[in-house]
Amino acid sequence: MTLEITPLDAALGATVSNIDLSNPLSADSVAAIHDAWLQHIVLVFRGQSLSDPQLLDFTRYFGELEYPPYKLLNYSQGSGQKNDIPVEINVISNVIENGKKIGQLGASEAKWHTDTPFVERPPSASVLHALEIPPTGGNTSFMNMYAVLEALPAAIRARVEGKRCKHDVSHTSDGVLRHDYEESKDASECPGPWHPLIRSHPESDRKALYLGKRLYAYIEGLPIDENEELLDEIWAIAERPEFSYEHVWTKGDVLMWDNRCAMHRREAFDGNERRIMHRSQLRGDVPA
Ligand code: SIN
């Protein structure tokens, strides 16, 4: 069977079929998947069944593994993940066992964000494997940040060109204060690294808008009210449906996306249902 890549009828994404990711991959398959990932930003592999080591082995074909945020930030509370889960795996789940959360993000909406922009070298890729999914809800949408940049009116583009944005580390993408951090007066005072608002993708050489998350983002040099106004204008464009693809999960799906040119959002689902996803990450570059 020959690996098949079928673009989705959306602003980004392609399905990769005729491949079992639990098997070793040929150099040709790895090259084809890598090229497709650069071109389509999000790849969808249906019907997979991967153990954690197999998920990590698949991810390693494309670079060096990166740790999940709890480890990169050295959370004093740890991850809450079970001891038999490899340290490179990030469990995304609402499930509570023996009174303890087994993973992150719960059942509420996870607002638009890119993964871990609040470190100096954010991960280039995330690979998410659906182990248990609720009957409805919990869809994940992806946004094409090349297309959003191209759609910015010239006047807005001129205001972000050459500017950096501070990526607040103290709050989650939903605005919740993380353990180990204190509340700041406003976004300009939040702790976090500066990254260019327009970044050049190191592999595709294309330029993409790099927003991270909406809440507590801060564009250098702006008074805070101007910052909020400009970001609101940019986000109103970015959130137009024409720039995104919404994925309806089935058990066994593996999605691999490029954090350098995509954002994603997860819709809420019924917290009485179980959703368990295991995520791996690839080490990225310092955005430039
Ligand atoms: C994530 O934000 O990485 C998780 C997305 C999801 O739960 O579908």
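Presented here is a report on the structure given in the accompanying data block.

Reading the values: rules and limits
- Residues numbered from 1 in each chain as written.
- Predicted model: local features only at pLDDT ≥ 70, side-chain atom pairs only at ≥ 80, totals over all residues.
- Heavy atoms only, no water.
- 1 Å grid on protein atoms, 1.4 Å probe; cavity = no way out; pocket = protein on both sides within 12 Å on 5 of 7 lines; lining within 4 Å.
- Points joined across faces, edges and corners; volume = space filled by probe spheres on them.
- Nonpolar A, V, L, I, M, F, W, Y, C, P; charged D, E, K, R; others polar.
- Helix = DSSP H or I, 4+ residues; strand = E, 2+ residues; numbered from the N terminus.
- Polar contact = N/O pair within 3.5 Å; in protein donor to acceptor, adjacent residues only side chain to side chain.
- Contact = heavy atoms within 4.5 Å.
- Near = heavy atom within 4 Å.
- Areas by Shrake-Rupley, 256 points an atom, 1.4 Å probe, with all protein chains shown as cover.
- Sits in = over half its atoms within 2 Å of the grid points.
- Salt bridge = Lys/Arg side-chain N within 4 Å of Asp/Glu carboxyl O.
- Buried < 20%, exposed > 50% of the residue type's maximum accessible area, 1.4 Å probe, protein only.
- Patch = residues over 30% accessible without salt bridge, like charges linked within 9 Å, V, L, I, M, F, W, Y side chains within 5 Å.
- Pairing = 2+ DSSP bridges.
- Axes fitted to C-alpha atoms, helices over the stretch in contact; angles between N-to-C directions.

### Here we look at empty space enclosed by the protein
- Counted according to the given criterion, the structure contains 2 cavities of 30 Å³ or more.
- Of the volumes computed, that of the largest cavity is approximately 100 Å³.
- Every residue lining the largest cavity is listed: Ile92, Leu105, His113, Leu128, Thr140, Trp257, His264, Arg266, Arg275 and Arg279.
- Space inside the second largest cavity adds up to approximately 30 Å³.
- Here the residues of the lining of the second largest cavity are counted per class, giving 7 nonpolar, 3 polar and 1 charged.

### Structural notes on the side chain of Gln48
- You can see Gln48 is positioned in the loop between strand E3 (42–45) and helix H2 (52–60).
- There is a polar contact of 2.8 Å between the side chain of Gln48 and the backbone nitrogen of Leu21.
- Within polar-contact distance, the side chain of Gln48 engages the backbone oxygen of Arg46 at 3.1 Å.
- Ignoring any residue separated from it by four or fewer positions in sequence, one finds Gln48 in contact with Ile19, Asp20, Leu21, Ser22, His129, Gly252 and Val254.

### Describing the site of the ligand
- Lining the immediate environment of the ligand, one finds Ile92, Leu105, His113, Asp115, Leu128, Thr140, Trp257, His264, Arg266, Arg275 and Arg279.
- Side-chain polar atom of His264 to an oxygen atom of the ligand: 3.0 Å apart, as the coordinates give it.
- A distance of 3.3 Å separates an oxygen atom of the ligand from a polar atom in the side chain of Arg266.
- When the ligand is considered free in solution it has 260 Å² of accessible area, and contact with the protein chains removes 99% of it.
- A majority-of-atoms criterion places the ligand in the largest cavity.
- Grouping the amino acids of the shell around the ligand by side-chain chemistry returns 4 nonpolar, 3 polar and 4 charged.

### Description of the pattern of salt bridges
- Applying the stated criterion across every chain, the model contains 20 salt bridges.
- A salt bridge links Arg46 to Asp253; the shortest N-O distance between them is 2.7 Å. Taken together, the residues span a long stretch of sequence, with Arg46 in the loop between E3 and H2 and Asp253 in the loop between strand E17 (244–247) and strand E18 (254–258) at a distance of 207 residues.
- In this structure, Arg60 and Asp57 form a salt bridge, with 2.7 Å as the shortest nitrogen-oxygen distance. In this pair, Arg60 and Asp57 both sit in helix H2, 3 residues apart, roughly one turn of the helix.
- Overall, the relative accessible area of 43% leaves Arg60 in the partly exposed class.

### Overview of unusual backbone geometry
- Even without being a glycine, Asp180 presents a positive backbone phi close to 80°.
- Inspection of the secondary structure puts Asp180 in the loop between strand E12 (164–166) and strand E13 (194–196).
- Residue classification places Asp180 among the partly exposed residues on the basis of a relative accessible area of 47%.
- We note that Tyr216 has phi near 65°; this positive angle belongs to a residue other than glycine.
- On the accessibility criterion, Tyr216 (26% relative accessible area) is partly exposed.

### Details of a nonpolar patch on the surface
- A surface patch of nonpolar side chains, amounting to about 210 Å² of accessible area, comprises Tyr67, Leu72 and Val87.
- Within the secondary structure layout, Tyr67 lies in the loop between strand E4 (65–66) and helix H3 (69–72).
- Of the residues examined, Tyr67 reaches a relative accessible area of 36% and is grouped as partly exposed.

### So, the sheet that holds strand E19 (residues 262–266)
- Strand order in the open sheet formed by 4 strands is E9-E19-E11-E17, and the pairing between neighbours is antiparallel. At either end of the open sheet lies a strand with only one pairing partner, and these are strand E9 (110–113) and E17. Neighbour-to-neighbour, the strand axes of this sheet turn through a mean angle of 15°, independent of strand direction.
- Note: strand E11 (residues 140–144) against E19, 5 bridges, orientation antiparallel. Pairing of Ser141 across the sheet is with Arg265, part of E19.

Everything listed is a geometric property; what it means functionally is a separate question.
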